[in-house]
Amino acid sequence: MKALLGALLLGALLAGCATSPTGRSQLMLISPEAAIVESRKAYLTTVQQLDQEDKLVDDPRLADRVATITGRLVTEAVARYPRSADWEWSVAIIDDPETVNAWCMAGGRMAVYTGLFEQLKLTDDEFAQIMGHEISHALANHTAERMSRAMAINLGVIAAGVSSDSPALTMTGAALAAKFALELPNSRTAEAEADRLGIELATRAGYAPDAAVSLWQKMGSLSDSRPPEFMSTHPAPENRQRALAELGAEMQALNPGGRMAAVHPVEIVR
């Protein structure tokens, strides 16, 4: 049994390799297509619950702002990643003034929280940087990669439990080791990758690249109470500022005139 599980784990890891848009090797035990299917199910469930709780914002001005900025980003995303042309691009605006967050699932289904606007007082350029970052997670297949890491963790825990004289203890240790070895480093890498792809997407769409720096200055000023970077799945704000600032000139050269992209249709979920 131990040999069989080890062979299965090794075979899965060897077979599930892919390359991200930046050339990074990715563990891909779950296909991007399967991730899109599962994300759609999760999104519909989430939206239904939000609707029941009356948490979906229907402010016409905010909806138009979100749809316009996001639509320009999607235009550039489709131009550079044609496979995303058939995605169901949509945004749910969630009424939650305490939450500063946004996300994009596989397949282009997104959400933004009102706390982003209320607490950060975002400019259009800064909001474009946020949505460019989140869209980039989907374009780089980070959902499928995250699901694949979870599968690898489960396989590793099962194999460790079978081979140990103390299964419960070993399985706990294996789970912790897997979290550090697989989840945290790759998640930080994925965040940095989405930063890199997102600032490019926003710049090509016509938004100022230096807004990525001012955005993270605002993020960093929200609170000083955050975990050490080593234990976090997100790089510290000051490190993101530095990395993004270094990209400024390179990004500006991609769209020196600040040409605004056309607006791709994006559904605002109501």
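A brief structural summary. Keep in mind the model is a prediction, meaning the values are calculated, not measured. (Residues numbered from 1 in each chain as written. Predicted model: local features only at pLDDT ≥ 70, side-chain atom pairs only at ≥ 80, totals over all residues. Heavy atoms only, no water.)

1. Section: the overall build of the protein
Stated formally: Numbering of helices and strands runs from the N terminus, with a helix taken as a DSSP run of H or I at least four residues long and a strand as a DSSP run of E at least two residues long. Burial classes follow relative accessibility: with a 1.4 Å probe on protein chains only, a residue under 20% of its type's maximum area counts as buried, one over 50% as exposed, and anything between as partly exposed. Note on contacts: a residue pair qualifies if any of its non-hydrogen atoms lie within 4.5 Å across the two residues. Note on areas: these come from Shrake-Rupley sampling with a 1.4 Å probe, and a residue is covered only by the protein chains present in the view.
Scanning the protein from terminus to terminus reveals ten helices and six strands. Out of the 270 residues in the protein, the part that is buried amounts to 47%. A sequence separation of at least 24 residues applies to 74% of the contacts in the protein between residues at least 6 apart. Within the structure as shown, the protein displays about 13100 Å² of accessible surface, and the carbon and sulfur contribution to it stands at 57%.

2. A closer look at the pairing of strand 3 (residues 90-94)
To be explicit about the condition: Pairs of strands are assigned from DSSP output, requiring at least two bridges between the strands.
Across the five residues of strand 3, five count as buried, placing the element largely inside the fold. Where burial is concerned, the two faces of strand 3 agree: the one with Ser90, Ala92 and Ile94 and the one with Val91 and Ile93 are both buried. Two strands pair when backbone bridges link them, and strand 3 and strand 6 (residues 267-269) are joined in this way by three bridges, in the parallel orientation. If you follow alanine 92 over to strand 6, its bridge partner there is valine 269. Examined bridge by bridge, strand 3 and strand 5 (residues 109-113) share five bridges and lie parallel to one another. Residue pairing across strands places isoleucine 93 opposite valine 112, the latter belonging to strand 5.

3. Regarding the nonpolar core
Counted only if it meets this: Each nonpolar core is a collection of buried residues, namely Ala, Val, Leu, Ile, Met, Phe, Trp, Tyr and Cys, held together in the definition by side-chain atoms within 4.5 Å.
If you look at the biggest cluster of nonpolar residues, it comprises 48 residues, and the most contacted ones within it are Ile93, Val112, Leu116 and Ile135. With nine residues, helix 3 (residues 60-80) is the single largest residue contributor to this core. Leucine 116 has contacts with Thr99, Val100, Asn101, Ala102, Lys121, Leu122, Ile130 and Met219, leaving out every residue within four places of it along the chain. One finds Val47, Ile94, Met105 and Val269 within the second-largest nonpolar core, a separate group that totals eleven residues.

4. Observations regarding the environment of glycine 115
For glycine 115, the position within the fold is in helix 4 (residues 114-120). What makes glycine 115 buried here is its relative accessible area of 0%. Separated by 20 residues in sequence, glycine 115 and aspartate 95 have C-alpha atoms that sit 7.9 Å apart. Residues in contact with glycine 115, not counting those within four places in the same chain, are Asp96, Pro97, Thr99, Val100 and Leu120.

5. Describing the sheet that holds strand 6
Counted only if it meets this: In this analysis an axis means a line fitted to C-alpha atoms, helices contributing only their contacting stretch, and an angle means the value between N-to-C directions, from 0 to 180 degrees.
The four strands are arranged 4-5-3-6 in an open sheet whose pairing can be described as mixed. Of all strands in the sheet, those bounded by a partner on one side alone are strand 4 (102-104) and strand 6. Each strand of the sheet is rotated relative to its neighbour by a mean of 20°, with strand direction disregarded. Lying on the sheet, helix 2 (residues 32-52) is in contact with strand 3, strand 4, strand 5 and strand 6; it crosses strand 3 at an angle near 35°. Against the sheet, helix 3 engages strand 3, strand 5 and strand 6, with an angle of about 145° to strand 3.

6. Observations concerning the pattern of salt bridges
Our working definition: A pairing counts as a salt bridge when a side-chain nitrogen of Lys or Arg comes within 4 Å of a carboxyl oxygen of Asp or Glu.
Under the criterion given, the structure shown has 15 salt bridges. Linking glutamate 145 and arginine 24 is a salt bridge whose minimum nitrogen-to-oxygen distance equals 2.7 Å. Linking glutamate 145 in helix 6 (residues 142-163) with arginine 24 in the loop between strand 1 (17-19) and strand 2 (25-27), this pair joins segments that are 121 residues apart in sequence. An identical accessibility class is assigned to glutamate 145 and arginine 24; each is buried. Of the charged contacts, one joins arginine 270 and aspartate 58 as a salt bridge, the two residues approaching to 2.4 Å between their closest N and O atoms. Here arginine 270 is found in the segment after strand 6, whereas its partner aspartate 58 is found in the loop between helix 2 and helix 3, with 212 residues between them in sequence. Of the residues examined, arginine 270 reaches a relative accessible area of 55% and is grouped as exposed. Via salt bridges that share partners, Arg80, Arg196, Glu200, Arg204 and Glu250 belong to a single interconnected network.

7. Examining helix 5 (residues 124-139)
Counted only if it meets this: Multiplying 1.5 Å by the helix residue count minus one yields the expected span of that helix.
The terminal C-alpha atoms of helix 5, which comprises 16 residues, lie 22 Å apart, in line with the 22 Å expected from a rise of 1.5 Å per residue. The buried fraction of helix 5 amounts to 14 of the 16 residues, a majority that puts the element mostly inside the structure. A positive phi of about 60° marks asparagine 141, the residue just after helix 5.

8. So, the side chain of glutamine 241
Locating glutamine 241 in the fold gives a position in helix 9 (residues 237-246). Look at glutamine 241 and you get buried, because its relative accessible area is 19%. Beyond its immediate stretch of four places on either side in the chain, glutamine 241 contacts Val213, Trp216 and Gln217.

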